[in-house]
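# Examining the three-dimensional arrangement
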Amino acid sequence: MKIVVIQGPNLNMLGIREQNIYGPMKLEQIHAQMKEVATQNGAEIEFFQSNLEGEIVDKIQECYGEADGLIINAAAYTHTSIAIRDAISAVSLPAIEVHISNIHRREEFRQKNMIAPVCTSSVVGFGPFGYHLAMMGMLQIMNEIKAAQEAQAQQQA
């Protein structure tokens with residue numbers, strides 16, 4: 001099982017920018033915790049961060065046939081990027097969207113979400129802990145898919 005975690009613009013500045021909204025935790029610390037959970041559950045995990053929309057689209061497309069699930073915080077691109085939305089839709093992988101803050105309680109422009117309709121689920125407003133919740137959700141989804149595939153193989157045998 002391979003999970004790819006994609007982080008959008010300005011998330012490389014976590015722990016520095018707007019700590020009153022995003023908290024003091026750095027992205028590297030979040031990734032270390034996610035890696036620990038993945039390792040404990042026998043999953044491979046890969047991390048990618050970019051401030052560039054096209055690089056994020058490219059990374060999502062690279063997941064086709066190479067990954068079993070995506071966890072994505074598209075950050076500001078959540079509200080504007082049809083390209084990221086289309087890439088998520090195209091690869092047909094389970095995808096969980098994460099937002100550290102509750103985007104539904106913030107500025108009006110942040111309440112428009114281009115990504116959520118093509119994601120399996122969304123985790124918003126739990127701070128950095130939202131990534132842990134997304135990991136637990138993704139592991140559950142992947143286990144359910146595996147069980148369904150095994151049951152189907154048994155029926156065909």
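Residues numbered from 1 in each chain as written. Predicted model: local features only at pLDDT ≥ 70, side-chain atom pairs only at ≥ 80, totals over all residues. Heavy atoms only, no water.

### Focus on the environment of K2
- Structurally, the position occupied by K2 is in strand β1 (residues 2–7).
- Between the C-alpha atoms of K2 and S81, which are 79 residues apart in sequence, the distance is 25 Å.
- Ignoring sequence-local partners within four residues, the contact set of K2 consists of E44, E46, E66, A67, D68, G69 and M142.
- There is a polar contact of 2.9 Å between the side chain of K2 and the side chain of E46. (Helix = DSSP H or I, 4+ residues; strand = E, 2+ residues; numbered from the N terminus. Contact = heavy atoms within 4.5 Å. Polar contact = N/O pair within 3.5 Å; in protein donor to acceptor, adjacent residues only side chain to side chain.)

### A look at unusual backbone geometry
- Of note in this structure, A75 is not a glycine but carries a positive phi near 50 degrees.
- Mapped onto the elements, A75 comes out in the loop between β3 (69–73) and α4 (82–91).
- A relative accessible area of 14% means that A75 is categorised as buried.
- At S92, a residue that is not glycine, the phi angle is positive and equals roughly 50 degrees.
- Structurally, S92 can be placed in the loop between α4 and β4 (95–99). (Buried < 20%, exposed > 50% of the residue type's maximum accessible area, 1.4 Å probe, protein only.)

### Quick look at the pattern of salt bridges
- Taken as a whole and assessed by the stated rule, the structure comprises 4 salt bridges.
- Its salt-bridge partner being E46, residue K59 comes within 2.3 Å of it at the nearest N-O pair. Taken together, the residues span a long stretch of sequence, with K59 in helix α3 (residues 53–62) and E46 in strand β2 (residues 44–49) at a distance of 13 residues.
- Connected through shared salt-bridge partners, K2, E46, K59 and E62 make up one network. (Salt bridge = Lys/Arg side-chain N within 4 Å of Asp/Glu carboxyl O.)

### Digging into the nonpolar core
- In terms of nonpolar packing, the biggest core is built from 26 residues, with I3, L14, M34, I45, I71, Y131 and M135 touching the most fellow members.
- Elements that contribute at least two residues to this core include exactly β1, α2 (27–40), β4 and α5 (129–156).
- The greatest single-element share of this core, amounting to 7 residues, is contributed by α5.
- Not counting the four nearest positions on each side in its chain, M34 is found in contact with V5, I45, F47, I71, Y131 and M135.
- Counting residues in hydrophobic clusters, the runner-up holds 19 residues, among them A74, Y77, V91 and L93. (Core = buried A, V, L, I, M, F, W, Y, C linked by side-chain atoms within 4.5 Å.)

### What to know about the packing of α3 against α4
- Between α3 and α4, whose axes approach to 9 Å, the crossing angle comes to 5 degrees. Classified by the angle their axes make, α3 and α4 are roughly parallel. Within the contact between the two elements, α3 uses E53, I56, V57, I60 and Q61 and α4 uses A83, I84, A87, I88 and V91.
- Here the residues of the contact of α3 with α4 are counted per class, giving 8 nonpolar, 1 polar and 1 charged. (Axes fitted to C-alpha atoms, helices over the stretch in contact; angles between N-to-C directions. Parallel < 35°, antiparallel > 145°, perpendicular 65-115°, else oblique. Nonpolar A, V, L, I, M, F, W, Y, C, P; charged D, E, K, R; others polar.)

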